[in-house]
Amino acid sequence: MACCAGSWRRLSDSEGEEIAPKRRSPLLDRQGAFWKNAMGFWLLGLCNNFSYVVMLSAAHDILRHQRAPGNQSHVDPGPIPVPHNGSSRFDCNSVSTAAVLLADILPTLLIKLLAPFGLHLLPYSPRVLVSGVCAAGSFILVAFSHSVGTSLGGVVLASISSGLGEITFLSLTSFYPRAVISWWSSGTGGAGLLGALSYLGLTQAGLSPQHTLLSMLGIPALLLVSYFLLLTSPAPQDPGGEEDTETAARQPLMSSEAPESKPDSGSSLSLQERWTVFKSLLPHIIPLVLVYFAEYFINQGLFELLFFRNMSLSHAEQYRWYQMLYQAGVFASRSSLRCCRIRYTWILALLQCFNLGFLMADVWFSFLPSIYLIFLIILYEGLLGGAAYVNTFHNIALETSDEHREFAMATACISDTLGISLSGALALPLHDFLCHLS
C-alpha cells in the first residue's frame, strides 16, 4: 500500500532553512486508505446490484411492452391489460412478473452453487471485467429488444453480472477490515433505491423505457473504475507475517494468473473443512433464505395483484412505486449497521413471513382501503430484508476465523439467491391460479 505523499518543502519561521522532505504520518495514510476502500466498496455494491434492480423495476414493462419497430423514441402508451380471462378480478399480465424474477436470479443461483468449488481459481480482475461487460450488455439487449424472449435474455445477463459480482466482492472483503462489509451492504441498498427511483423518475418524466435503460450505461463503467482505480491493495492482516500475507492478498486482486494456493487460504481448504464450515453457517443461512423467500414472493408474486383501481396512478406506475418504496427500506436498513446490530436474525425471518401472510390475505379478501397502507407495509418489508442481509454477513465475519472467512462469505451469499429462486418458482403457479379467479 502506498504510504508516502509527494515531496514537499517548507521554510523555518526563525531561520528560513530548507527542511528535508518528510513522509506522511502512517496514521493519516491508513485513514486515507480506509476511506478510499470504504467508498470503493460502497460504489461496488451500488454498481453491482444496479442492473439487477432496474430489471425488476422494469419487469411490468418488459412483459407488457413488445415494441413495434417504429416505436423507438416515445413512452409506451400503456397497452390495454391482457388478463387471463375477461372475468378475472385481477388486472393480470399473461405472464407473471415472477418470470422476470426467475430470469434475473437463476443464473445467479447456478454461479453461487458452483463458485465455492472452483471460482477461486480465477483471479478477481477477470471476474470483475466479465461482470461489467454483462451489466452493459443487459441494458443494451433489453433496450433494443422487440420481444419478451430477447428481453429475458438481457435480464439473464444482468443476473450473471450481479451474481458473479456479489460472490467476488463479498469474498474480497475478507482481505480488508470488517468495516467494509457495512459499506458494501449500504451500497447494495443504495443500488436498490437509486435503481428503482431512477427508472421510476425517468419514465415518469417522459423518457421511454428504451432511452431510460440506455442512459444507465455509465454504471458498469463506474464499477470498473471503482475496482481498478479506487480500491487500494489489501493491507496485511497478520502482524506475524506481513510480507507474506500482503503478497497472498494482493495476488488475486492484481495478478493475471490464478493465485497460488496458500496453506491458510480459503482456496486450500479440504472438502471436509468446507463441509464443516458450511454446517456452522446454517444458523445464518436458513433465516436469510426465509427472509428473501417471503419478501420476493411479495414483490414478484403479489405486487402485480395489489392493484387499486380508480386512481391517478396506472397499474404500471403503482408497480414502480411499490418497487421504489421497497428499495428505500432496504437502503435504510442496510446502512444501519453502525447504529443497530441484530444477532438473532430468525426474528426478522418470522416478521417477514407474517408480512407475506398478511398481504396474501389482502390479495384474497381486499380489506385494505388505501394504497398508502400498502406503501407503509412495503417500506417495512424492505427494512426487514435489508437488516437481515447486513446483519447476517456481519455476524459471519465476526464468528469465522481468518482462514475460513473468504469461503464462508462466498458460501453464505447463496442464501438470498436460494430464497429468491424458490419464491419465483412458487409465484408463477400462484399468479396463474389467482388470475383465473372470477
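Here the structure is a predicted model, which is why all the values come from computation and not from measurement.

Trainee: Explain the nonpolar core to me, please; I cannot follow it from the model alone.
Mentor: Soluble globular proteins tend to bury their nonpolar side chains together. Leu 172, Leu 302, Tyr 322 and Phe 393 are the most contacted members of the largest nonpolar core, which totals 101 residues. In terms of residue count, helix H10 (residues 271-302) provides more of this core than any other element does, 13 residues in total. In terms of nonpolar packing, the next biggest core, distinct from the first, is built from six residues, Trp 42, Leu 43, Trp 183 and Ala 191 among them.

Trainee: Where do I start with the pattern of salt bridges in this structure?
Mentor: One side chain can pair with another of opposite charge once the charged atoms of both are near each other. Applying the stated rule across the entire model yields four salt bridges. The closest approach of N and O atoms between Glu 166 and Lys 112, which form a salt bridge, is 2.3 Å. Of the two residues, Glu 166 is situated in helix H5 (residues 148-172) and Lys 112 in helix H3 (residues 98-114); the sequence distance between them amounts to 54 residues. Taking the relative accessible area as the measure of exposure, Glu 166 reaches 6% and is therefore buried. Residue Arg 343 pairs with Glu 399 through a salt bridge whose shortest N-O separation is 2.5 Å. Here the residue Arg 343 occupies a position in the loop between helix H11 (315-334) and helix H12 (346-365), and Glu 399 occupies one in helix H13 (residues 371-399), the gap between them amounting to 56 residues. The exposure class assigned to Arg 343 is exposed, which follows from its relative accessible area of 52%. Residue Glu 399 is classed as partly exposed on the basis of its relative accessible area, which comes to 41%. A single network of salt bridges, built from pairs that share partners, joins Lys 112, Glu 166 and Asp 416.

Trainee: Would you take a moment to explain H10 for this structure?
Mentor: Given 3.6 residues to a turn, an α-helix orients residues that are three or four positions apart in the same direction. Spanning 32 residues, H10 covers only 41 Å between terminal C-alpha atoms, well under the ideal 46 Å at 1.5 Å per step. Along H10, the sharpest kink reaches roughly 50 degrees, centred on Leu 282 and followed within four residues by the proline Pro 283.

Trainee: It is not clear to me how helix H14 (residues 402-412) should be interpreted in this structure. Could you clarify?
Mentor: With eight of its eleven residues buried, H14 lies for the most part within the structure. Looking only at H14, the buried set comprises Arg 405, Glu 406, Phe 407, Ala 408, Met 409, Ala 410, Thr 411 and Ala 412. At its buried positions, H14 is contacted by helix H4 (124-143), H5, helix H6 (179-204), H10, H13 and helix H15 (414-435).

Trainee: Is there a simple way to explain the side chain of Ser 138 in this structure?
Mentor: Looking at the secondary structure, you find Ser 138 in helix H4. Judged by its relative accessible area of 0%, Ser 138 is buried. Apart from the residues lying within four places of it in its own chain, the contact partners of Ser 138 are Ser 51, Met 55, Gly 154, Leu 157 and Ala 158.

Trainee: For this particular structure, what's the right way to read empty space enclosed by the protein?
Mentor: Where empty space is left can be seen by rolling a probe of water-molecule size over the atoms. A complete count under the given rule lists five cavities of 30 Å³ or more for this structure. Estimates place the volume of the largest cavity at around 220 Å³. As for the largest cavity, its lining consists of 20 residues, of which Asn 49, Tyr 52, Tyr 296, Arg 334 and Asp 416 are closest to the centre. Elements with a minimum of two residues in the lining of the largest cavity: helix H1 (26-57), H3, H5, H6, H10, H11 and H15. For the lining of the largest cavity, the residue count by class is nine nonpolar, seven polar and four charged.

Trainee: I would appreciate a short explanation of the packing of aromatic side chains in the present structure.
Mentor: Counting across every chain of the model gives 20 aromatic pairs. Following the ring pairs from residue to residue traces out a cluster consisting of Phe 303, Tyr 319, Trp 321, Tyr 322, Tyr 372 and Phe 375. One Lys or Arg, Arg 127, reaches over the ring of Tyr 124 and ends 4.4 Å from the middle of that ring. The ring of Tyr 389 has Arg 334 sitting right over it, with the charged end atom 3.7 Å from the ring centre.

Trainee: Looking at this structure, how should I read the packing of H13 against H14?
Mentor: Two quantities define a packed helix pair, namely the angle between the helix axes and the distance between the axes. Axis separation between H13 and H14 bottoms out at 10 Å; the angle between their running directions is 160 degrees. Relative to H14, the element H13 lies roughly antiparallel. You can see that H13 and H14 cross each other, and the crossing is right-handed. Contact residues: Phe 393, Ile 396 and Ala 397 in H13; Arg 405, Ala 408, Met 409 and Ala 412 in H14. Residue composition of the contact of H13 with H14, by class: six nonpolar, no polar and one charged.

Trainee: Would you explain the confidence of the model for the protein in this entry?
Mentor: Close inspection of predicted coordinates is inappropriate for parts of the model with low pLDDT. Per-residue pLDDT for the protein averages 79, and the proportion of residues at 70 or more is 78%. The secondary-structure element of the protein with the lowest mean pLDDT is helix H9 (residues 242-254), recorded at 40, while helix H8 (residues 218-230) shows the highest, at 95. Every residue in residues 1-21 is under pLDDT 50, and counting partners more than four places away or in other chains gives 24 contacts. Contacts from residues 237-266, a stretch scored under 50 in pLDDT, to residues over four places away or in other chains number 53 contacts.

Parameters at a glance
Starting from 1, residues in each chain are numbered consecutively following that chain's sequence as written. It should be noted that, the model being predicted, local features are given only for residues of pLDDT at least 70 and side-chain atom pairs only at 80 or more, the latter also being counted only at that level, while totals for whole chains, interfaces and linings use all residues. Hydrogen atoms and water are omitted, and side-chain values are computed over all heavy atoms in the structure. The nonpolar core is taken to be a set of buried Ala, Val, Leu, Ile, Met, Phe, Trp, Tyr and Cys residues, with the residues joined through side-chain atoms within 4.5 Å. Note on exposure labels: buried denotes an accessible area under 20% of the residue type's maximum, exposed denotes more than 50%, and partly exposed covers the range between, all computed with a 1.4 Å probe on protein chains only. Secondary structure follows DSSP: runs of H or I at least 4 residues long count as helices, runs of E at least 2 residues long count as strands, and numbering of each begins at the N terminus. In the sections that follow, a salt bridge refers to a side-chain nitrogen of Lys or Arg positioned within 4 Å of a carboxyl oxygen of Asp or Glu. Expected helix span is given by 1.5 Å per residue-to-residue step, counting one fewer step than there are residues. In this analysis the local bend is the angle between axes fitted, respectively, to the seven residues ending at and the seven residues starting at the residue. The contact criterion used is simple: two residues touch if any of their non-hydrogen atoms lie within 4.5 Å. In this analysis the probe radius is 1.4 Å and the grid spacing 1 Å, with only protein atoms considered; a cavity is a set of points the probe fits into but cannot get out of, a pocket is an open set with protein on both sides within 12 Å along at least five of seven lines, and lining residues have an atom within 4 Å of a point. Grid points are joined across faces, edges and corners, and a volume is the space filled by probe spheres set on the points. As a working rule, the residues Ala, Val, Leu, Ile, Met, Phe, Trp, Tyr, Cys and Pro are called nonpolar, Asp, Glu, Lys and Arg charged, and the rest polar, with Gly in that last group. When the centres of two rings from Phe, Tyr and Trp lie within 6.5 Å, Trp using its six-membered ring, the rings pair. Their planes under 30 degrees apart give stacked, over 60 give edge-to-face, and anything left gives tilted. Charge-over-ring placement is defined geometrically: NZ (Lys) or CZ (Arg) within 6 Å of the ring centre, and within 35 degrees of the ring normal. To define axes, lines are fitted to C-alpha atoms, for helices over the stretch in contact only, and angles between the resulting N-to-C directions are given on a 0 to 180 degree scale. An angle below 35 degrees is treated as roughly parallel, one above 145 as roughly antiparallel, one from 65 to 115 as roughly perpendicular, and anything else as oblique. The sense of a crossing depends on the near helix, which, turned anticlockwise from the far helix by less than a right angle, makes the crossing left-handed and, turned clockwise, makes it right-handed. Known as pLDDT, the predictor's per-residue confidence is scaled from 0 to 100.

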